[in-house]
Number of protein chains: 2
Amino acid sequence: MLFAPAHRMSFKLGVLLAITGVLMACERQDAARQPTVAAATHAATQADPLPSWNEGAAKQAIREFVKDVSTEGGPKFVPAPERIAVFDNDGTLWAEQPIYFQGLFLADRVKALLPQHPEWRTQDPFASLLKGDMKAVASAGEKGAMEMLVATHAGMTTEEFSKTVADWIATARHPKTGRPYTEMVYQPMLELLAYLRANGFKTFIVSGGGIEFMRPWTEKVYGVPPEQVVGSSSELKFEMRDGEPVLIKLPVLDFVDDKEGKPAGIQSHIGRRPIAAFGNSDGDLQMLQWTAAGSGARFALLVHHTDAAREWAYDRKSTVGRLDKALDEALTKNWVVVDMKRDWNAIYPTGNSQ
Amino acid sequence: MLFAPAHRMSFKLGVLLAITGVLMACERQDAARQPTVAAATHAATQADPLPSWNEGAAKQAIREFVKDVSTEGGPKFVPAPERIAVFDNDGTLWAEQPIYFQGLFLADRVKALLPQHPEWRTQDPFASLLKGDMKAVASAGEKGAMEMLVATHAGMTTEEFSKTVADWIATARHPKTGRPYTEMVYQPMLELLAYLRANGFKTFIVSGGGIEFMRPWTEKVYGVPPEQVVGSSSELKFEMRDGEPVLIKLPVLDFVDDKEGKPAGIQSHIGRRPIAAFGNSDGDLQMLQWTAAGSGARFALLVHHTDAAREWAYDRKSTVGRLDKALDEALTKNWVVVDMKRDWNAIYPTGNSQ
């Protein structure tokens, strides 16, 4: 290595955010539960592919853009193979409060692995986590965070890890809503994904979350197959075990797909510049800049969490999903800003939630 | 970094191979030119999607596999989203003699950049390369190789590099055949790619070559879009230049997509195990092992270069595209081995070659 590139520098930040997330989640687990947010009734008609979007500037801008780029012969036409749309996940496609859901997965894994690791009962940061002593966990710093990540995310094969995630996502419930996490995806964004695909777009997820944490469920939940998921990753090692080839997840962070890392992740995995990008936080700023700066028709959209009653309201001062610099830039550059409270008549899908 | 994973260890090997390639290419540039190999006439019928394949075990195995996995309700049916097929590039989809074509690109870049780098006339390894003193180039070792790679592949934006490759691929000619490199792709493999896609497969390239070296032309030549190309890569850095966002190719090798690296590259980019893999050398062994070891119907194929008259004949002792261990394993495991001389009635497409 001649020098460490910028997107690796954000590693510490990412780990600290994850830890912060675990702390906050544990502190809030005792908070009063609220009844499940009921999704609004859809007055869906065949004519409206976006029934959960209220009429307004955001919905109009989306429909106009899609019409422009898919109208053959029109001045803004874009050939279908170049209709690449990228979506952040946490806070854009599904919720992210009180912390990134992968942080809750990490905490649950520590508890689940306790029988195989009785030493954790007396060994920090695990012991402190189990006792709920979050100040002590925090004092273990980056080293402690790395220990927990390694213990819960590394050392197993990719297929073992995938099964662990699939089992968790099928059974875990959100501490506040009591919903499965896959039912805390945003109904308006599901409609948007489908609408874009129906108009020749290829939809990708580009998330700071772990790529192997998302792939086991994104195809079923979002219609986005594993090969269209970009995320943070650890190194993989190929080896033969009992004559069978396996890929082992190493305790070595390979790529952090956040902030400056997002355009790099897009180039690495997609290899061409998207024409549309959807995010909700400062972590998405560079992805939106990269997308918007291309030639021809471009679309950049931020989801602004403004709905404390049906979801959460947060922006410039939130530790999770902070939206500050990107909001300023959106206002300057006339990017579309979705006001969740005003623009969405439904938040979550109507489903079999508790 | 806690430790360096195995696939990074092959970095030195890769660089040395590239250098060996440059040396061999330079030595052979004066070799007698042969007339362009004329592609055999196709007796293509609507009924035969593989007209350049002679009837025989290889062709029969391909057709049987495709029928098996695409017959709904059949015992070997595979849902379309899981029909992932991966192809090596050098020696599998296009030729690779006398050296990997990217080595010829590197040598041409050194010559093209000479006006901006007059110091290269007196500075090794460039001076030796320009004088044709290949022993001196070789003595510069890995450090010298890295200098040449950095000078020709790094420091520019991804878009500048892409244009450089596109210009080269449009104008450069192979030292022996005089053909453009994109007309040294294998006609039978073009038919195979199209046949698989017509049967619901998604086709990917998984090559030891540079990912950004392939993407500018694979969609046009193979029908494989940039997002379905996996290859070796350098680190990318996002930055603003004069208010515009750019991605800079750094002089830092990020990933070597060869040997043990190929299954890791597949997992990173595709996220699920292919059901069919096509290669030609020991560099593809682990990719074929990884593919073949999955459950359900599986297909593994090696192209064996046996045709010295129409192409090249080489295997166990070749420095480029060595086929030794993988050939043994193919025989043991009953993988399909294509005998180019016997199984293919055409090598290159009939086109506008010189």
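Our subject is the structure listed above.
A brief report on the enclosed structure follows.

What counts, and at which threshold
- Residues numbered from 1 in each chain as written.
- Chains lettered and ligands numbered in written order.
- Predicted model: local features only at pLDDT ≥ 70, side-chain atom pairs only at ≥ 80, totals over all residues.
- Heavy atoms only, no water.
- Helix = DSSP H or I, 4+ residues; strand = E, 2+ residues; numbered from the N terminus.
- Buried < 20%, exposed > 50% of the residue type's maximum accessible area, 1.4 Å probe, protein only.
- Contact = heavy atoms within 4.5 Å.
- Areas by Shrake-Rupley, 256 points an atom, 1.4 Å probe, with all protein chains shown as cover.
- Salt bridge = Lys/Arg side-chain N within 4 Å of Asp/Glu carboxyl O.
- Least-squares fit on C-alpha atoms with pLDDT ≥ 70 in both.
- Pairing = 2+ DSSP bridges.
- Axes fitted to C-alpha atoms, helices over the stretch in contact; angles between N-to-C directions.
- Buried area = accessible area lost by both parts, 1.4 Å probe.
- Polar contact = N/O pair within 3.5 Å; in protein donor to acceptor, adjacent residues only side chain to side chain.
- Nonpolar A, V, L, I, M, F, W, Y, C, P; charged D, E, K, R; others polar.
- Phe/Tyr/Trp six-rings, centres within 6.5 Å; stacked < 30°, edge-to-face > 60°.
- Lys NZ or Arg CZ within 6 Å of the ring centre and 35° of its normal.
- Expected span 1.5 Å × (residues − 1).
- Parallel < 35°, antiparallel > 145°, perpendicular 65-115°, else oblique.

The next thing to look at is the overall build of chain A. Assigned secondary structure in chain A consists of 14 helices and 7 strands. Here chain A holds 354 residues, and the buried ones make up 57% of them. Considering only intrachain contacts with a sequence separation of at least 6, the fraction spanning at least 24 residues in chain A is 68%. Surface accessibility of chain A: about 14400 Å² in total, with carbon and sulfur atoms responsible for 53%.

For the coordinates displayed, the defined rule picks out 41 salt bridges over all chains. Residue Lys-202 of chain B pairs with Glu-227 of chain A through a salt bridge whose shortest N-O separation is 2.9 Å. One end of the pair, Lys-202 of chain B, is in strand β2 (residues 202-210); the other, Glu-227 of chain A, is in the loop between α10 (211-222) and β3 (229-241), on a second chain. Judged by its relative accessible area of 7%, Glu-227 of chain A is buried. As a salt-bridge pair, Glu-239 of chain A and Lys-237 of chain A come within 3.1 Å of each other at their nearest N and O atoms. Taken together, the shared-partner salt bridges in this structure form one network comprising Asp-48, Glu-55, Lys-59 and Arg-63 of chain A.

Moving on: the side chain of Thr-158 of chain B. Along the chain, the position of Thr-158 of chain B falls in helix α8 (residues 158-171). Leave out the neighbours within four places in its chain, and Thr-158 of chain B touches Gln-267 and Trp-290 of chain A together with Leu-236, Leu-247 and Lys-249 of chain B.

Placing chain B over chain A gives an RMSD of 0.0 Å and needs a rotation angle of 180 degrees, together with 0.0 Å of translation along the axis. Those values place the two copies in the arrangement expected of a two-fold rotation axis. Taking the C-alpha atom as reference, chain B places His-269 of chain B closest to the rotation axis, 3.1 Å from it. Comparing interface residues between copies, 100% of those in chain B also sit at the interface in chain A, which points to an isologous, same-surface contact.

Our next topic: the pairing of strand β1 (residues 84-87) of chain A. All names here are of chain A. With burial as the criterion, each face of β1 is covered, one bearing Ile-84 and Val-86 and the other bearing Ala-85 and Phe-87. Here 4 bridges tie β1 to strand β2 (residues 202-210), and the two strands are oriented parallel to one another. Bridge pairing in β2 links Phe-87 to Ile-205.

Moving on, we come to the sheet that holds strand β5 (residues 276-279) of chain A. Residue and element names in this part refer to chain A. Spatially, β4-β3-β2-β1-β5-β6-β7 is the arrangement adopted by the 7 strands of the open sheet, whose pairing is mixed. For this open sheet the edge positions go to β4 (244-255) and β7 (336-339), each flanked by a neighbour on one side alone. Here the strands of the sheet are splayed against their neighbours by 30 degrees on average, with no regard to which way each runs. The sheet contacts of helix α12 (residues 285-292) involve β1, β2, β5 and β6 (299-304), and relative to β5 the element is tilted by about 165 degrees.

Another aspect to go through is the interface of chain B and chain A. Across the boundary between the two partners, chain B contributes 49 residues, which contact 49 residues of chain A. With both chains or domains summed, chain B and chain A bury close to 4000 Å², and 58% of this area falls on carbon and sulfur atoms. Contact with chain A buries surface across chain B, with Glu-227, Phe-238 and Gln-267 of chain B losing the most and accounting together for 15% of the total. Between Glu-219 of chain B and Arg-272 of chain A there is a salt bridge, with the nearest N and O atoms lying 3.1 Å from each other. The interface formed by chain B and chain A holds 18 residue pairs in polar contact (both at pLDDT 80 or more) in total. Mapped onto the side of chain B that touches chain A, the elements with two or more residues apiece are α1 (6-9), α8, β2, α10 (211-222), β3 (229-241), β4 (244-255), α11 (261-269) and α12 (285-292) of chain B. No other element matches the 9 residues that β4 of chain B contributes to the side of chain B that touches chain A. Here the residues of the side of chain B that touches chain A are counted per class, giving 26 nonpolar, 9 polar and 14 charged.

Think of a pair of aromatic rings as described by two things: how far the centres are apart, and how the planes are tilted against each other in angle. Residues and elements named next belong to chain A. Evaluation of the coordinates by the stated rule reveals 34 aromatic pairs over all chains. When the centroid spacing of 5.3 Å and the interplanar angle of 75 degrees are considered together, the rings of Phe-105 and Trp-168 count as edge-to-face. Linking Phe-105 in helix α4 (residues 101-112) with Trp-168 in helix α8 (residues 158-171), this pair joins segments that are 63 residues apart in sequence. Comparing Phe-105 with Trp-168, the two get one shared label, buried. Both rings, one in Trp-168 and one in Phe-213, keep their centres 6.0 Å apart while their planes meet at 50 degrees; by these two values the pair is tilted. You can see Trp-168 sitting in helix α8 and its partner Phe-213 sitting in helix α10, a full 45 residues away along the chain. Through successive ring pairs, a cluster of aromatic residues spans Trp-94, Phe-101, Phe-105, Phe-161, Trp-168, Tyr-181, Phe-213, Trp-217 and Tyr-222. Looking at Arg-273, its charged tip hangs above the ring of Trp-290, at a distance of 3.7 Å from the centre.

Moving on: α4 of chain A. Residue and element names in this part refer to chain A. With 12 residues, α4 extends 16 Å from end C-alpha to end C-alpha; this agrees with the ideal 16 Å at 1.5 Å per step. Counting buried positions along α4 yields 9 of 12 residues, so the element is predominantly enclosed. Those residues of α4 that fall on the buried side of the exposure criterion are Phe-101, Gln-102, Gly-103, Leu-104, Phe-105, Leu-106, Ala-107, Arg-109 and Val-110.

On to the packing of helix α11 (residues 261-269) of chain A against α12 of chain A. All names here are of chain A. Two elements in contact, α11 and α12, have axes separated by 7 Å at closest approach and are oriented at 55 degrees. Taken together, α11 and α12 sit at an angle that is classed as oblique. From α11, Lys-262, Pro-263 and Ile-266 reach across to α12, where they touch Gln-286, Met-287 and Trp-290.

A word on unusual backbone geometry. In terms of backbone geometry, most residues other than glycine have negative phi values and most peptide bonds are trans. Residues and elements named next belong to chain A. That bond from Gln-97 to Pro-98 is cis: its omega, 0 degrees, falls within 30 degrees of zero. Tracing the sequence through the fold places Pro-98 in the loop between β1 and α4. In this structure, the amide linkage connecting Asp-124 to the following residue, Pro-125, adopts the cis form with an omega of 5 degrees. With respect to the secondary-structure elements, Pro-125 resides in the loop between α4 and α5 (126-131). Despite not being glycine, Asp-242 shows a phi value in the positive range, around 55 degrees. You can see Asp-242 is positioned in the loop between β3 and β4. Asp-242 gets classed as exposed once you look at its relative accessible area, which sits at 82%.

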